[in-house]
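What follows is the residue order along each chain.
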Amino acid sequence: MFDVTKRPYINGKPEFWITGIKIETNGFKRYKCRYYCECGHKGSHYIPLGIPQIECHECDYHIQVLPAGRVGRDGIPKRDKQGAFYIAHARM
Ligand SMILES: [Zn+2]
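Residues numbered from 1 in each chain as written. Predicted model: local features only at pLDDT ≥ 70, side-chain atom pairs only at ≥ 80, totals over all residues. Heavy atoms only, no water.

Glancing now at the overall build of the chain. Secondary structure assignment for the chain yields one helix and eight strands. Listing every helix and strand of the chain by position from the N terminus yields β-β-α-β-β-β-β-β-β. Along the first, second and third principal axes, the C-alpha atoms of the chain reach 40 × 30 × 25 Å. Taken across its 92 residues, the chain has 33% of its residues classed as buried. When contacts within the chain are restricted to residue pairs at least 6 apart in sequence, long-range pairs at least 24 apart make up 34% of them. Element-wise, carbon and sulfur atoms account for 51% of the exposed surface of the chain, whose accessible area totals about 6200 Å². (Helix = DSSP H or I, 4+ residues; strand = E, 2+ residues; numbered from the N terminus. Buried < 20%, exposed > 50% of the residue type's maximum accessible area, 1.4 Å probe, protein only. Contact = heavy atoms within 4.5 Å. Areas by Shrake-Rupley, 256 points an atom, 1.4 Å probe, with all protein chains shown as cover.)

Structure follows, in structure tokens:
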């Protein structure tokens, strides 16, 4: 899992709260994805760029992942107002 303890703090907050990016000790980056599941659970996953779906923490339902904003040439979506790079909404 993530070892965020070695990452810097920004204004007293963990780096990923600000940047929306968790960086693993080997340098691999995961990007914030807000998700809303059909079971009513919602939360945040930190996911690699470009993965098609995530699983709900509560019910293991697979939810399709979409970029939160326009995807740049570097393959990274623009962040939305909540700081997410990706949004996953379960179809009801
Ligand atoms: Zn669920």
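From this point on, the discussion continues.
A separate point is the packing of aromatic side chains. According to the stated counting rule, one finds two aromatic pairs in the structure shown. With a centroid separation of 5.5 Å and 85 degrees between ring planes, the pair formed by Phe 16 and Tyr 46 is classed as edge-to-face. Of this pair, Phe 16 sits in helix H1 (residues 15-19) while Tyr 46 sits in strand S5 (residues 42-47); the two residues are 30 residues apart in sequence, bridging distant segments of the chain. Tyr 46 carries the same exposure label as Phe 16, and that label is buried. Consider the rings of Tyr 31 and Phe 85, whose centres lie 5.0 Å apart with planes at 85 degrees: the pair is edge-to-face. One end of the pair, Tyr 31, is in strand S4 (residues 29-36); the other, Phe 85, is in the loop between strand S7 (62-67) and strand S8 (86-89), with 54 residues separating them in the sequence. Overall, the relative accessible area of 5% leaves Phe 85 in the buried class. (Phe/Tyr/Trp six-rings, centres within 6.5 Å; stacked < 30°, edge-to-face > 60°.)

It is worth spelling out a nonpolar patch on the surface at this point. Side chains of Ile 10, Trp 17 and Ile 18 sit close together on the surface and give an oily, nonpolar patch of about 290 Å² of accessible area. Mapped onto the elements, Ile 10 comes out in strand S1 (residues 9-10). (Patch = residues over 30% accessible without salt bridge, like charges linked within 9 Å, V, L, I, M, F, W, Y side chains within 5 Å. Salt bridge = Lys/Arg side-chain N within 4 Å of Asp/Glu carboxyl O.)

It is worth spelling out the pairing of S8 at this point. Relative to S8, S4 runs parallel, the two sharing four bridges. Directly across from Tyr 35, in S8, lies its bridge partner Ala 88. Two elements, S7 and S8, share three bridges in a ladder whose sense is antiparallel. Bridging across to S8, Val 65 finds its partner in Ala 88. (Pairing = 2+ DSSP bridges.)

Before going further, it helps to examine the coordination of the zinc ion. Coordination of the zinc ion by the protein is provided by Cys 37 (SG), Cys 39 (SG), Cys 56 (SG) and Cys 59 (SG), with metal-donor distances spanning 2.3 Å. One can describe the donor arrangement at the zinc ion as tetrahedral, given that its four donor atoms subtend angles of 101 to 114 degrees at the metal. Spacing between the donor residues of the zinc ion along the chain follows C-x1-C-x16-C-x2-C. Of the two residues, Cys 39 is situated in the loop between S4 and S5 and Cys 59 in the loop between strand S6 (53-55) and S7; the sequence distance between them amounts to 20 residues. The exposure class of Cys 39 is partly exposed, given its relative accessible area of 42%. (Donors = N, O, S within 2.8 Å, 3.2 Å for Na, K, Ca; no water. Tetrahedral: all angles 85-135°; square planar, octahedral: opposite > 155°, others 65-115°.)

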